[in-house]
Amino acid sequence: MFTFEVGSLLSIAFVLGVVLVAAAMLIWVERRLLGFFNERLGPNRVGPFGLLQSLADVGKLITKEDWIPPFADKASFVIAPLIIPIVMLLSFAVIPFAPDVGVMDLNIGLLWIFAMAGLAAYSAMLGGLASNNKFALLGGLRAAGQMISYEVFMGISILGVVILGDSFNMREIVLAQEDGWFIIPQFFGFVVFLIAGLAETKRWPFDLPEGEAEIISGFNTEYSGMKFGLFFVGEYIGMLLLSMLLPVLFFGGWMAPFGLDIGPPIFSGLFWMSVKTGAFVVFFILVRAALARPRYDQLMSYGWLVMLPLSLLNLLITGAIVLSQGA
Amino acid sequence: MLSAIGKQVHVIWTQIVTLALVFSHMFRKKDTVEYPDVMPYMFPRWRGRIILTRDPDGEERCVACNLCAVACPVDCIALQKTEDENGRWYPEFFRINFSRCIMCGFCEEACPTHAIQLTPDFEMAEYVRQDMVWEKEHMLINGTGKYHDYNFYKVAGKSIGGKGKGEARNELPPVDRRSLLP
């Protein structure tokens, strides 16, 4: 019970603690890094290097007035912000952090992630609808269209990984990369998954559901206080989830590159997993700092006219090669 | 078909170039000046806190002509003229409401005697609104400010005690009009 194995209490507590603390710290990391990319310093006043900035932010959000607009639909207005952090945290259940560290060893792990990502779309949709506000409705509409359409080829793009790994189980997919990471045979799958993942987490440059230059703050226009904070934290947990999914599916998960194992397997696995995750987190923040938001029709046409054919082609070629090798 | 693929490759490539460029900014010198810890360099002609200066002889430069109050676009200057026993004009009171002042510097431009001047000091926050109203004794300094040797009464034709008509710098004695008769 108190040893590191998949599903043990220690493992679960470790995963939950790490994910929550990391998601909170991401608020600070993102602001600091954005500052660096803009030749600024970013928040560096609260605590050493501004490390306690997240704490101050949370304190501010909690003590703010938690206002429900009288014209909103109360029940769904309250439920909507709860959905996204819950489903994002549930998604972490199947992520293999390291050998023997994880919550569940589900044999349909990838499908679980997609089921949860599908539910996450309801958060923005319900939030936009329940606010009874034109801008929120537009934001919710955009979120629904974007997340549902990008989920299609997000799913197709990783079928190549499933073919090569011969399993939906995340741990087996990681173990199948013993001889070589899937980034090499599945490069186009990786590109499609990366872009679709960005759109799925509503992060820049695909933050059209929020699009503050066009529709105020989109689906969370009417939200304040900790309800807004839940959307906010949910988005960061989603970013963390994507940053962990990408290494697991394409970069060998906890496996060390070039056999650079350090210490016992759990320690080494956690180290390399966090290094890879951190690299993707920095990449996503860089993308936020650098890239401009597309128009909504560009987003949709890019998805259906470029990403979908690319992912289908990738799947076709992968399947053909695997079949010709007589697997 | 090929050109369409080339276009998409170009799209991705330009985005990658952008990412690389922005990433390179991470290692450049930061623009931020951490203000309360590090004072930024303030230019000498910065338009900040307003002072009243004295002439080189230590007398008040302000002659209470009211031109600054007229020029002021927000009407934040109030003053009252009075005279001393030598006939010098000076303000009885001189009041600037800094909660209204927009630091435009029009008063400095309007001033004929270089009395009112703006300085690079900008830290003028107060907790009580009434503390933003400054009187003459708060603004009057002992120096000459930006113009060190200008003395209005030494160059103006007005006669005051100790200096009659025609005794100012570069001034000829008054013409006796009757002596011009043929």
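Residues numbered from 1 in each chain as written. Chains lettered and ligands numbered in written order. Predicted model: local features only at pLDDT ≥ 70, side-chain atom pairs only at ≥ 80, totals over all residues.

Some details on the overall build of chain B
Now for step 1: A tally of regular secondary structure across chain B gives 5 helices and 5 strands.
Now for step 2: Listing every helix and strand of chain B by position from the N terminus yields α-β-α-β-β-α-β-β-α-α.
Now for step 3: In summary, chain B has a C-alpha radius of gyration of 28 Å against a globular reference of 16 Å for 182 residues, an excess of more than 25%.
Now for step 4: Residues counted as buried form 15% of the 182 residues belonging to chain B. (Helix = DSSP H or I, 4+ residues; strand = E, 2+ residues; numbered from the N terminus. Rg over C-alpha atoms; globule rule 2.2 N^0.38 Å. Buried ≥ 20, exposed ≤ 12 C-beta atoms within 10 Å, placed from the backbone.)

A word on the overall build of chain A
Now for step 1: Each helix and strand in chain A was counted, giving 12 helices and 0 strands.
Now for step 2: Going from N to C terminus, chain A has its helices and strands arranged as α-α-α-α-α-α-α-α-α-α-α-α.
Now for step 3: Against the compact-globule benchmark of 20 Å for 327 residues, chain A has a radius of gyration of 20 Å, which places it among compact chains.
Now for step 4: With respect to the principal axes defined by its C-alpha atoms, chain A has extents near 65 × 45 × 40 Å.
Now for step 5: Out of the 327 residues belonging to chain A, those deemed buried represent 47%.

Observations regarding the packing of helix 5 (residues 134-157) of chain A against helix 12 (residues 296-324) of chain A
Residue and element names in this part refer to chain A.
Now for step 1: At their nearest, the axes of helix 5 and helix 12 sit 8 Å apart, and the two run at 15° to each other. As summarised for this structure, helix 5 and helix 12 are arranged roughly parallel, according to the angle between their axes. Seen from above, helix 5 lies across helix 12 with left-handed handedness. Along the contact surface, helix 5 presents R142, Q146, S149, Y150, V152, F153, I156 and S157, while helix 12 presents Y296, L299, M300, G303, W304, M307, L308, S311, L312, N314 and L315.
Now for step 2: When its residues are assigned to classes, the contact of helix 5 with helix 12 shows 12 nonpolar, 6 polar and 1 charged. (Axes fitted to C-alpha atoms, helices over the stretch in contact; angles between N-to-C directions. Parallel < 35°, antiparallel > 145°, perpendicular 65-115°, else oblique. Left-handed = near helix turned anticlockwise from the far one by under 90°. Contact = placed C-beta atoms within 7 Å. Nonpolar A, V, L, I, M, F, W, Y, C, P; charged D, E, K, R; others polar.)

Examining the interface of chain A and chain B
Now for step 1: Contact residues are listed per partner, giving 11 residues for chain A and 12 residues for chain B.
Now for step 2: Elements supplying a minimum of two residues to the side of chain A that touches chain B: helix 1 (9-37) and helix 11 (265-290) of chain A.
Now for step 3: With 4 residues, helix 11 of chain A is the largest single contributor of residues to the side of chain A that touches chain B.
Now for step 4: The residue inventory of the side of chain A that touches chain B, partitioned by class, reads 9 nonpolar, no polar and 2 charged.

As for the environment of D55(B)
Now for step 1: Here D55(B) is to be found in the loop between strand 1 (50-52) and helix 2 (67-71).
Now for step 2: Those residues in contact with D55(B) that lie beyond four places of it in its chain are R61(B), T144(B), N151(B) and F152(B).

Considerations on the nonpolar core
One broad rule of soluble globular proteins: the nonpolar side chains tend to lie buried together.
Now for step 1: In this structure, A196(A), I237(A), L240(A) and L249(A) are the most contacted members of the largest nonpolar core, which totals 93 residues.
Now for step 2: Considering each element in turn, this core owes the most residues, 16 residues, to helix 10 (residues 225-250) of chain A.
Now for step 3: Those residues in contact with A196(A) that sit more than four places away from it in its chain are Y150(A), F153(A), M154(A), S157(A) and M307(A).
Now for step 4: Within the second largest apolar cluster, 19 residues are counted, among which are C62(B), A64(B), C68(B) and C72(B). (Core = buried A, V, L, I, M, F, W, Y, C linked by C-beta atoms within 7 Å.)

Quick look at the confidence of the model for chain B
Now for step 1: Confidence in the prediction of chain B, expressed as mean pLDDT, is 90, and 99% of residues score 70 or more.
Now for step 2: Scored as a complex, the prediction yields pTM 0.82 and ipTM 0.81. (pLDDT = per-residue confidence, 0-100.)

A look at the sheet that holds strand 2 (residues 77-83) of chain B
Residues and elements named next belong to chain B.
Now for step 1: Strand order in the open sheet formed by 3 strands is 2-3-5, with antiparallel pairing between adjacent strands. The two strands at the open ends of the sheet, each matched to only one other strand, are strand 2 and strand 5 (133-134).
Now for step 2: Where strand 3 (residues 89-97) lies against strand 5, 2 bridges are found, and the strand directions are antiparallel. The residue of strand 5 that forms the bridge with I96 is W134. (Pairing = 2+ DSSP bridges.)

Topic: unusual backbone geometry
Now for step 1: The amide bond that connects W204(A) to the next residue, P205(A), takes the cis arrangement and shows omega of 0°.
Now for step 2: Mapped onto the fold, P205(A) is located in the loop between helix 8 (187-200) and helix 9 (212-215).
Now for step 3: Of note in the backbone geometry, M103(B) takes a positive phi value of approximately 55° without being a glycine.
Now for step 4: Relative to the helices and strands, M103(B) resides in the loop between strand 3 and helix 3 (106-110).

Concerning the environment of D31(B)
Now for step 1: Mapping D31(B) onto the fold places it in the loop between helix 1 (2-24) and strand 1.
Now for step 2: With residues up to four places along the chain from it excluded, the contact list for D31(B) reads E39(A) and R40(A).

Side note on the pairing of strand 3 of chain B
Now for step 1: Two elements, strand 2 of chain B and strand 3 of chain B, share 7 bridges in a ladder whose sense is antiparallel. Following the sheet pairing, K81(B) is matched in strand 3 of chain B by P91(B).

Brief notes about helix 1 of chain B
Now for step 1: Here helix 1 of chain B contains 23 residues, and its C-alpha end-to-end distance of 33 Å stays within 8% of the 33 Å for a straight helix at 1.5 Å per residue.
Now for step 2: With 0 of 23 residues buried, helix 1 of chain B lies mostly on the surface of the structure. (Expected span 1.5 Å × (residues − 1).)

Structural notes on the packing of helix 10 of chain A against helix 11 of chain A
All names here are of chain A.
Now for step 1: At a closest axis distance of 8 Å, the pairing of helix 10 and helix 11 adopts a crossing angle of 125°. Our classification of the angle between helix 10 and helix 11 gives oblique. Crossing hand, helix 10 versus helix 11: right-handed. Mapping the contact onto sequence places M239, S243, M244, L246 and P247 in helix 10 and M273, K276, T277, F280, V281 and F284 in helix 11.
Now for step 2: Among the residues making up the contact of helix 10 with helix 11, the classes are represented as 8 nonpolar, 2 polar and 1 charged.

Considering the environment of L246(A)
Residue and element names in this part refer to chain A.
Now for step 1: Within the fold, L246 resides in helix 10.
Now for step 2: Distance from L246 to T277, taken between C-alpha atoms, is 8.1 Å for residues 31 residues apart in sequence.
Now for step 3: Excluding residues within four positions of it along the chain, L246 makes contact with L194, F251 and F280.

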